[in-house]
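Next come the chains, spelled out residue by residue.
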There are 4 protein chains.
Amino acid sequence: AGKRRGEPDRARAATLRERFDAVRRATLALAAPLSPEDQQVQSMPDASPVKWHLAHTTWFFEEFVLSRALPRRPRFHPRFAYLFNSYYEAVGPRHERPRRGLLTRPSLAEVHAYRAHVDAGVGEWLDAGRCGGGELDVLELGLHHEQQHQELVLTDVKHALFQNPLRPAWRADLPGPSGAAAGPLRFEALPGGLVEVGDGGAGFAFDNERPRHRAFLEPFALAARPVSNGEVAEFVAEGGYRRPELWLSDGFAAVKARGWEAPLYWEPDGGGFAEFTLAGTRPLDLDAPAAHLSFFEADAVARFLGARLPTEEEWEAAASGAEVAGNLAEAGRYHPCAAASADGPGQLFGDVWEWTRSAYAPYPGFAPAPGALGEYNGKFMVSQLVLRGGSAFTPASHLRPTYRNFFYPDARWQLAGLRVAKDLR
Amino acid sequence: AGKRRGEPDRARAATLRERFDAVRRATLALAAPLSPEDQQVQSMPDASPVKWHLAHTTWFFEEFVLSRALPRRPRFHPRFAYLFNSYYEAVGPRHERPRRGLLTRPSLAEVHAYRAHVDAGVGEWLDAGRCGGGELDVLELGLHHEQQHQELVLTDVKHALFQNPLRPAWRADLPGPSGAAAGPLRFEALPGGLVEVGDGGAGFAFDNERPRHRAFLEPFALAARPVSNGEVAEFVAEGGYRRPELWLSDGFAAVKARGWEAPLYWEPDGGGFAEFTLAGTRPLDLDAPAAHLSFFEADAVARFLGARLPTEEEWEAAASGAEVAGNLAEAGRYHPCAAASADGPGQLFGDVWEWTRSAYAPYPGFAPAPGALGEYNGKFMVSQLVLRGGSAFTPASHLRPTYRNFFYPDARWQLAGLRVAKDLR
Amino acid sequence: AGKRRGEPDRARAATLRERFDAVRRATLALAAPLSPEDQQVQSMPDASPVKWHLAHTTWFFEEFVLSRALPRRPRFHPRFAYLFNSYYEAVGPRHERPRRGLLTRPSLAEVHAYRAHVDAGVGEWLDAGRCGGGELDVLELGLHHEQQHQELVLTDVKHALFQNPLRPAWRADLPGPSGAAAGPLRFEALPGGLVEVGDGGAGFAFDNERPRHRAFLEPFALAARPVSNGEVAEFVAEGGYRRPELWLSDGFAAVKARGWEAPLYWEPDGGGFAEFTLAGTRPLDLDAPAAHLSFFEADAVARFLGARLPTEEEWEAAASGAEVAGNLAEAGRYHPCAAASADGPGQLFGDVWEWTRSAYAPYPGFAPAPGALGEYNGKFMVSQLVLRGGSAFTPASHLRPTYRNFFYPDARWQLAGLRVAKDLR
Amino acid sequence: AGKRRGEPDRARAATLRERFDAVRRATLALAAPLSPEDQQVQSMPDASPVKWHLAHTTWFFEEFVLSRALPRRPRFHPRFAYLFNSYYEAVGPRHERPRRGLLTRPSLAEVHAYRAHVDAGVGEWLDAGRCGGGELDVLELGLHHEQQHQELVLTDVKHALFQNPLRPAWRADLPGPSGAAAGPLRFEALPGGLVEVGDGGAGFAFDNERPRHRAFLEPFALAARPVSNGEVAEFVAEGGYRRPELWLSDGFAAVKARGWEAPLYWEPDGGGFAEFTLAGTRPLDLDAPAAHLSFFEADAVARFLGARLPTEEEWEAAASGAEVAGNLAEAGRYHPCAAASADGPGQLFGDVWEWTRSAYAPYPGFAPAPGALGEYNGKFMVSQLVLRGGSAFTPASHLRPTYRNFFYPDARWQLAGLRVAKDLR
Ligand SMILES: [Fe+3]
Ligand SMILES: [Fe+3]
Ligand SMILES: [Fe+3]
Ligand SMILES: [Fe+3]
């Protein structure tokens with residue numbers, strides 16, 4: 001960033017070349033255990049086929065990097081922009097989201113060829129080294145974009161496989177529980193006051209993390225770990241899903257309309273519960289952080305525990321010094337697990353995304369990027385809630401303490417749980 | 001409030017007696033121009049029949065005041081708690097909201113008798129003067145509750161009458177436009193900083209306005225008046241409803257799904273628009289504040305004007321010293337109108353509720369009341385947006401600068417418009 | 001009918017004048033026990049408000065009789081054709097059916113004035129005696145049309161009142177059970193062969209009853225009475241609503257989708273059932289003919305009884321000599337009741353409409369009338385099933401043995417039951 | 001059939017062995033041009049994935065033939081009965097129909113192994129020659145069942161491929177139009193009278209074709225060929241889809257609700273239309289029989305042509321002597337084509353299924369088979385219409401003049417068209 005935006009930056013291009021190769025390979029590795037049929041299906045409108053993710057992330061580079069940097073290089077297929085544009089109105093019309101699973105053509109093999117074609121183009125362009133800073137910024141955005149889709153590949157495949165009464169596995173060879181004990185739920189007091197939140201650094205961050213700004217917090221306490229499966233099992237056992245006083249009104253309406261009786265992927269097993277995982281159905285580990293909860297459930301569980309969800313500013317204040325480390329994708333578990341208990345708030349990163357009570361909204365002074373990429377984040381800033389911290393599906397290199405994830409309050413197919421907070425006055 | 005909660009407070013009882021009579025009479029006056037049939041219908045699940053409003057507000061006093069203060073006094077009808085409980089889970093089961101319009105019995109005459117029965121009971125109890133402070137607090141809450149429903153009577157009747165192709169009037173005798181000119185849109189700069197928001201006084205406020213707390217604001221500018229019909233007409237004329245770049249993603253989806261092409265109640269008329277009002281269809285007054293906009297539309301119109309919606313804290317900071325005065329229900333217009341232009345932000349109260357970009361959420365330290373009345377506000381704190389300032393349907397005695405109204409972002413049948421803001425850094 | 005169609009027919013005009021007055025009065029008598037609110041509501045899209053029935057039947061005379069006979073006589077209101085046209089595309093656009101209940105204006109009083117206005121016009125025209133045969137045919141059609149709506153007033157009011165948890169009565173003074181015993185289910189053998197069905201006479205019949213034509217029937221047996229509540233109670237007790245082998249596939253899908261566990265209007269009462277009637281909730285009379293069954297339920301009950309539904313030709317062959325008499329509207333019961341047992345098939349007319357297994361289809365050689373009145377019947381000849389015999393809600397003067405009623409197979413709010421048949425070879 | 005049902009019948013077993021092999025091979029040949037992904041998708045609840053068809057037809061033999069004949073032979077997979085039972089309630093619970101497309105496991109390769117496993121079992125059993133007549137009857141039913149699914153494979157694949165904006169082909173090598181001219185629409189007079197319909201022979205027929213019985217027909221005329229694309233194009237050009245007078249009421253409601261403006265698979269092309277076929281999009285052949293019409297459209301087109309649809313008895317009377325020959329699956333066209341004009345009614349078999357105006361209902365004396373196979377046809381006998389004659393997707397060996405196909409009146413994805421009739425009195 002010492003360079004001007006328009007100026008070629010060979011060193012950064014070389015670094016990004018390596019990162020590009022690694023990220024693109026990582027996506028294919030996630031898809032590798034799956035058959036062409038597994039990669040074809042779309043289990044619900046919110047999810048996408050794996051094959052579509054493979055193509056869409058490729059289109060992102062073709063559309064926003066290659067076709068701008070090398071406008072005369074032919075596109076792989078004249079209709080792929082229509083098929084694989086997700087939601088960029090400024091780019092043009094596109095295939096309807098709920099119908100992505102009907103696209104049996106291009107085949108998986110053709111999508112692999114599409115990836116190779118675009119990878120070759122990006123590689124040559126990077127190797128040529130005439131890339132300006134603005135162009136490399138977009139490439140870097142594309143890598144973070146692809147990492148977001150890596151997490152979605154996992155959440156969407158898990159959901160798709162769960163639709164099958166055979167409860168098949170993505171990979172049957174994943175490790176089991178960590179063996180650590182959750183221990184009692186402890187809280188750490190934090191002073192609040194005038195804090196700074198949001199990204200103010202020179203490195204990559206999404207536009208929604210900016211600008212860095214001040215916020216005033218009252219003193220509060222934050223739990224030392226996420227809420228465990230054992231605590232949610234107690235919520236279930238004590239009738240939590242049938243007690244309206246624990247729920248927001250919209251939440252209890254969702255419970256009744258959808259017949260929720262436990263977190264998604266829990267299935268009765270003897271007197272207790274088993275849990276569907278990417279390795280198939282396994283006994284529920286009561287010590288591990290609870291996952292696949294909607295905001296509505298997280299909010300109700302917090303109330304059941306005599307606590308509340310933190311705001312995103314509280315969460316960020318607590319996490320501001322912390323290292324981005326934990327049970328993330330690199331750990332290869334692809335499932336939350338219990339950690340040895342820590343002093344301060346621990347397990348802030350990894351295991352499960354943590355619902356906050358903060359609505360996803362623009363930070364003061366937020367301005368989306370001009371053009372189509374301004375649609376990346378800003379146009380979703382209503383009716384969703386912020387989650388923080390990353391999950392066992394998230395690559396470590398994708399995260400920051402200022403990272404803002406966001407979903408609708410009824411979404412359960414993400415690897416999302418909660419950490420509770422309390423007022424201190 | 002110098003008294004202890006349990007202690008009788010004769011003076012306050014006498015004051016509330018007068019206010020009780022006035023508020024109850026005011027409700028009936030709103031219904032008076034309507035036939036029994038007009039008071040029967042429910043035009044959509046979000047709206048309720050006028051007759052139901054008349055009975056429900058009465059049930060509120062019977063349930064939360066009379067049956068607690070005088071537990072041996074017989075209820076008017078053993079099933080009315082089932083029919084007229086709106087959403088209080090702690091009180092018991094209730095008639096489904098979308099089916100309120102099917103209750104042809106009790107008749108309007110019986111509901112009038114119900115009101116008289118409960119009014120007599122409350123009157124006798126107040127006159128007896130043995131009312132504790134906590135009991136009077138609930139009575140006062142009941143009066144503010146009834147005033148909220150007065151506004152809903154008007155919004156719901158307007159919506160119901162609009163369903164009729166004859167476009168009938170509630171009262172054909174309402175005054176027309178004020179004749180004032182909107183003038184150009186000016187902004188007032190405000191310094192921000194650490195401000196206090198929320199109610200901290202001794203008088204009545206809803207629990208959602210509390211506790212008073214600190215918030216940090218960046219410098220901002222606020223428009224001197226609400227956005228006018230003329231400005232929205234320009235938005236329409238310039239294709240605003242067809243330009244996705246002006247909308248939040250959910251908002252544009254709503255536009256397409258519901259076929260929105262103009263604000264609710266606007267109807268093409270010659271080259272321009274007419275507008276349905278409580279006095280029937282009238283020419284659109286381009287100088288008056290625009291109304292019956294959803295949050296989605298308000299947000300898009302703000303973007304069209306190169307501005308944004310304020311946060312509720314910004315709004316409250318701007319309004320903190322202001323007197324609660326303006327085109328409110330007492331003015332008898334029952335429709336927004338243009339005002340003579342002012343120096344500071346004017347028309348903060350009355351005319352139209354002003355959408356903010358703030359999600360409706362608990363203030364730091366918020367605690368709902370114990371028992372059923374804790375359901376009054378707290379359980380709705382998700383997925384809705386805050387509106388401020390009151391409308392031409394709101395009684396002045398119902399408002400405060402800290403007052404928080406809230407609706408879902410797609411709601412258009414409320415008398416809601418917008419005032420725009422800008423960042424100053 | 002000795003006259004030519006265009007020629008005035010004073011005698012017929014005089015007869016129809018009397019009948020017109022009687023039919024119009026009868027409709028008002030059915031509405032008389034109901035408040036304006038009762039007459040306002042629409043409980044589902046299939047039903048209409050009583051007030052709408054009052055206006056629509058009036059519009060029928062204004063549109064098809066008065067405005068043709070006296071084209072210069074002003075219409076009562078220029079928009080009533082829009083509001084009260086039911087489905088005549090050739091007449092012009094109209095208010096959407098599911099939104100009839102939202103028309104609070106015109107008020108009931110205005111609709112009464114509309115009736116008086118049209119009645120006066122028709123009366124004067126008939127008295128003047130210059131009515132041609134074709135015009136009188138349409139008037140007579142209008143009278144039968146109004147009688148059809150008399151039955152609908154009762155079925156729709158019953159449905160509307162049932163939506164109210166108070167279970168209010170239309171008229172609390174209706175007589176109770178007849179006290180007769182249903183007796184065992186006997187069958188009468190009928191020879192079949194080449195029979196004639198359909199109307200071939202000179203009197204009034206709907207176009208769908210024509211032309212009279214031949215049909216070949218195998219020998220069959222027909223039950224001597226309709227299926228009783230006792231028999232349906234046994235169906236319920238033996239798990240009939242949970243046994244797919246008794247149902248058509250679409251029928252069992254309806255059972256599951258709508259949670260049917262008993263006929264409409266049955267409510268558990270002690271170990272048995274009570275039944276909602278136009279006089280409020282009463283104990284179920286096990287000897288009375290079962291009512292408020294869909295075709296799906298009728299078909300399943302027939303199968304449960306080791307029998308089947310008759311075809312409409314079988315029914316008509318059995319009824320061809322019979323007198324139109326029984327528990328019809330004139331009996332003033334407005335509810336099915338048990339009859340003393342008879343030799344041949346008894347209770348063919350009245351009590352309950354009897355579902356046949358015949359799809360509603362055009363008779364060979366059927367031709368609808370030209371113009372708008374051709375829409376009266378013909379355009380509904382798909383996906384519905386024929387019912388025969390009339391009910392306790394049907395006026396005797398409205399029926400013939402050739403009369404074809406028709407409803408969709410899932411309709412339950414009509415006073416419909418069944419009579420079973422068997423093959424004899 | 002000279003044998004008793006329980007007795008082994010070696011000659012018939014040998015014949016069926018050959019037919020079994022041929023039918024099973026034919027199914028695989030239809031699937032062969034498709035990728036695993038193509039065979040995975042389900043484009044709508046009415047359609048099924050090709051892979052599912054492959055497995056379901058196999059399950060039919062495993063369930064109804066093998067597991068009865070050789071009860072100790074292990075099933076291929078313990079859960080396949082759950083996954084691949086279509087609708088047989090008597091066999092047990094099953095995977096929901098609209099979710100068949102989500103079953104990515106078993107993979108296509110596993111389904112092929114399932115087919116081979118069951119084929120081997122059936123082959124060995126047939127070769128052993130100890131098969132009773134009743135068992136062979138069920139085997140033969142299974143072959144006709146599989147042939148029905150062969151047609152569904154084609155209709156479902158066509159529908160699935162059409163969802164893709166790339167409009168891909170099943171097989172790009174199919175022949176084009178025949179080059180014959182449709183010629184003017186001529187009618188053949190038929191005498192009617194007392195006719196016999198239904199199957200009365202010793203060969204295979206479905207239970208719904210029985211018993212053979214008498215029906216009386218008025219004299220009528222039947223068109224010499226199906227209605228052509230040219231005639232439907234004229235219907236479209238003259239506003240047929242916007243003229244309510246041409247439609248049944250339910251039909252016009254469907255037109256409006258679904259936005260129909262032309263037959264399914266027609267797409268505007270220059271001033272005319274192109275048509276999606278199994279070979280991709282091709283110019284519309286105006287001389288070929290029109291296809292992919294719903295009953296509603298067929299009925300409206302008939303009315304537009306001043307005619308009507310025939311009853312199924314009329315159709316069968318006209319076809320009773322005719323040879324089953326025409327543009328059937330064996331022709332390898334897989335698309336309707338124009339034929340040289342004939343004297344009598346021609347093209348009765350093949351090209352397009354012909355909608356009749358007859359509701360699908362039990363013949364007099366119809367009795368379904370006992371047990372689960374009684375569910376094959378009988379439970380669908382409501383709300384559907386009969387089609388006759390087979391299509392370009394139907395194998396010749398599957399048809400008879402008495403064959404009754406049936407679909408709901410709004411179904412358009414079948415290869416269905418119409419032939420018109422007229423009354424002659
Ligand atoms: Fe994306
Ligand atoms: Fe309320
Ligand atoms: Fe009518
Ligand atoms: Fe099948």
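Parameters and conventions
Residues numbered from 1 in each chain as written. Chains lettered and ligands numbered in written order. Predicted model: local features only at pLDDT ≥ 70, side-chain atom pairs only at ≥ 80, totals over all residues. Heavy atoms only, no water. Donors = N, O, S within 2.8 Å, 3.2 Å for Na, K, Ca; no water. Helix = DSSP H or I, 4+ residues; strand = E, 2+ residues; numbered from the N terminus. Buried < 20%, exposed > 50% of the residue type's maximum accessible area, 1.4 Å probe, protein only. Pairing = 2+ DSSP bridges. Contact = heavy atoms within 4.5 Å. Axes fitted to C-alpha atoms, helices over the stretch in contact; angles between N-to-C directions. Buried area = accessible area lost by both parts, 1.4 Å probe. Salt bridge = Lys/Arg side-chain N within 4 Å of Asp/Glu carboxyl O. Polar contact = N/O pair within 3.5 Å; in protein donor to acceptor, adjacent residues only side chain to side chain. Nonpolar A, V, L, I, M, F, W, Y, C, P; charged D, E, K, R; others polar. Phe/Tyr/Trp six-rings, centres within 6.5 Å; stacked < 30°, edge-to-face > 60°. Lys NZ or Arg CZ within 6 Å of the ring centre and 35° of its normal. Core = buried A, V, L, I, M, F, W, Y, C linked by side-chain atoms within 4.5 Å. Least-squares fit on C-alpha atoms with pLDDT ≥ 70 in both. UniProt positions renumbered as here; feature names shortened; annotations may be inferred. Expected span 1.5 Å × (residues − 1).

Take the coordination of the iron ion (ligand 1) next. Residues and elements named next belong to chain A. Within the protein, His56 (NE2), His145 (NE2) and His149 (NE2) serve as the donor atoms for the iron ion (ligand 1), at 2.2 Å. As a motif over one chain, the donors of the iron ion (ligand 1) read H-x88-H-x3-H. One end of the pair, His56, is in helix α2 (residues 50-69); the other, His149, is in helix α5 (residues 133-162), and 93 residues separate them in sequence. Residue His56 is classed as buried on the basis of its relative accessible area of 0%.

Our next topic: the sheet that holds strand β10 (residues 353-359) of chain B. Residue and element names in this part refer to chain B. Here we have 4 strands laid out as an open sheet, ordered β12-β11-β10-β13, and mixed in their pairing. Because the sheet does not close on itself, it has two edges, and the strands there are β12 (405-407) and β13 (416-417). Judged from the 2 bridges that link them, β10 and β13 form a sheet pairing that is parallel. When the sheet's bridge partners are listed, Glu354 is paired in β13 with Gly417. The strands touched by helix α9 (residues 312-319) are β10 and β11 (385-388); relative to β10, the strand with the most contacts, the crossing angle is about 130 degrees.

On to the interface of chain A and chain D. Chain A puts 31 residues into the contact, and the matching count from chain D is 31 residues. Here chain A and chain D share an interface that buries about 2500 Å² over both sides, 57% of which is from carbon and sulfur atoms. When residues of chain A are sorted by the area they lose upon contact with chain D, Glu37(A), Leu102(A) and Arg105(A) head the list and together hold 29% of the total. If you look at where chain A meets chain D, you find 4 salt bridges. Between Asp38(D) and Arg105(A) there is a salt bridge, with its nearest N and O atoms 3.0 Å apart. Our enumeration of links across chain A and chain D arrives at 14 residue pairs in polar contact (both at pLDDT 80 or more). The residue makeup of the side of chain A that touches chain D, split by class, is 15 nonpolar, 10 polar and 6 charged.

Moving on to the interface of chain D and chain C. Counting residues at the interface gives 35 residues for chain D and 35 residues for chain C. Counting each side, the surface lost to burial between chain D and chain C is near 2600 Å², with a carbon and sulfur contribution of 56%. Broken down residue by residue, the surface that chain D buries against chain C is led by Arg214(D), Phe216(D) and Val382(D), which jointly contribute 20%. Counting the contacts that link chain D with chain C gives 2 salt bridges. Counting across the interface, chain D meets chain C through 4 residue pairs in polar contact (both at pLDDT 80 or more). Broken down by secondary-structure element, the contributors of at least two residues to the side of chain D that touches chain C are β3 (213-217), α7 (249-258), α8 (295-304) and β10 (353-359) of chain D. Grouping the constituent residues of the side of chain D that touches chain C by class yields 20 nonpolar, 5 polar and 10 charged.

Now for the packing of aromatic side chains. Inspection of the entire model under this criterion finds 136 aromatic pairs over all chains. When the centroid spacing of 5.6 Å and the interplanar angle of 85 degrees are considered together, the rings of Phe407(A) and Trp413(A) count as edge-to-face. When its relative accessible area of 15% is taken as the criterion, Phe407(A) is described as buried. A relative accessible area of 6% means that Trp413(A) is categorised as buried. For the pair Tyr265(D) and Phe276(D), a centre-to-centre distance of 5.9 Å together with 50 degrees between the ring planes defines the contact as tilted. One end of the pair, Tyr265(D), is in the loop between α7 and β5 (266-269); the other, Phe276(D), is in strand β6 (residues 272-277), and 11 residues separate them in sequence. Considered together, Tyr265(D) and Phe276(D) belong to a single accessibility category, that of buried residues. Arg79(B) extends its terminal NZ or CZ atom over the ring of Tyr82(B), reaching a point 4.7 Å from the ring centre.

What follows concerns the nonpolar core. In this structure, Leu139(C), Trp170(C), Trp247(C), Tyr334(C), Trp355(C) and Leu418(C) are the most contacted members of the largest nonpolar core, which totals 109 residues. With 11 residues, the top contributor of residues to this core is helix α2 (residues 50-69) of chain C. When residues no more than four places from it in sequence are discounted, the contact partners of Leu139(C) are Leu16(C), Phe20(C), Phe61(C), Val65(C), Val122(C) and Leu126(C). Formed by 108 residues, the second largest nonpolar core is a distinct cluster that contains Leu126(D), Leu139(D), Leu174(D) and Trp266(D).

Mapping chain D onto chain C is achieved by rotating through 180 degrees and translating by 0.0 Å along the same axis, at an RMSD of 0.0 Å. This pairing of chains is accounted for by a two-fold axis. If distances are taken from each C-alpha of chain D to the rotation axis, the shortest is found for Ser383(D), at 2.5 Å. When the interface residues of chain D are mapped onto chain C, 100% of them again lie at the interface, so the same face is used by both copies.

This part is about the UniProt feature "domain: Sulfatase-modifying factor enzyme-like" (unreviewed entry) in chain A. This chain's UniProt record puts "domain: Sulfatase-modifying factor enzyme-like" (unreviewed entry) on residues 190-330 and 342-422 of chain A. Across residues 190-330 of chain A, helical content stands at 26% and strand content at 22%; the span's end C-alpha atoms are separated by 31 Å.

A few words on the environment of Leu161(B). Tracing the chain through its elements places Leu161(B) in helix α5 (residues 133-162). It is 20 Å that separates the C-alpha atoms of Leu161(B) and Gln148(B), two residues lying 13 residues apart in sequence. Every residue in contact with Leu161(B), bar those within four places of it in the chain, is listed here: Asp38(B), Arg167(B), Pro168(B), Ala169(B), Trp170(B), Phe276(B), Thr104(C) and Arg105(C).

Counted at 1.5 Å a residue, the expected span for α5(B) with its 30 residues is 44 Å, and the 44 Å between its end C-alpha atoms agrees. Most of α5(B) sits inside the fold, with 26 of its 30 residues counted as buried.

With that settled, the discussion passes to the pairing of β10(D). Residues and elements named next belong to chain D. Within β10, 5 of the 7 residues are buried, which leaves it mostly tucked inside the rest of the structure. Here 3 bridges tie β10 to strand β11 (residues 385-388), and the two strands are oriented antiparallel to one another. Following the sheet pairing, Glu354 is matched in β11 by Arg388.

Per the UniProt annotation, the sites labelled "domain: DinB-like" (unreviewed entry) are residues 20-151 of chain A. Along residues 20-151 of chain A one finds 58% helix and 0% strand; the C-alpha atoms at either end are 17 Å apart.

Turning to the coordination of the iron ion (ligand 3), a few remarks are in order. All names here are of chain C. The coordination sphere of the iron ion (ligand 3) contains the protein donors His56 (NE2), His145 (NE2) and His149 (NE2), at a distance range of 2.2 Å. Positions of the donor residues of the iron ion (ligand 3) along the chain correspond to the pattern H-x88-H-x3-H. Owing to a relative accessible area of 10%, His149 belongs among the buried residues under this scheme.

For the rest of this paragraph, the subject is the sheet that holds strand β7 (residues 280-283) of chain A. Residue and element names in this part refer to chain A. The sheet built from 3 strands is open, its strands ordered β5-β6-β7 with antiparallel pairing. In the strand order of this sheet, the two ends are held by β5 (266-269) and β7, each with one partner. Across this sheet, the average inter-strand angle for adjacent strands is 40 degrees, counted without regard to direction. Bridge count between β5 and strand β6 (residues 272-277): 4 bridges; the pairing is antiparallel. Paired with Trp266 across the bridge in β6 is Glu275.

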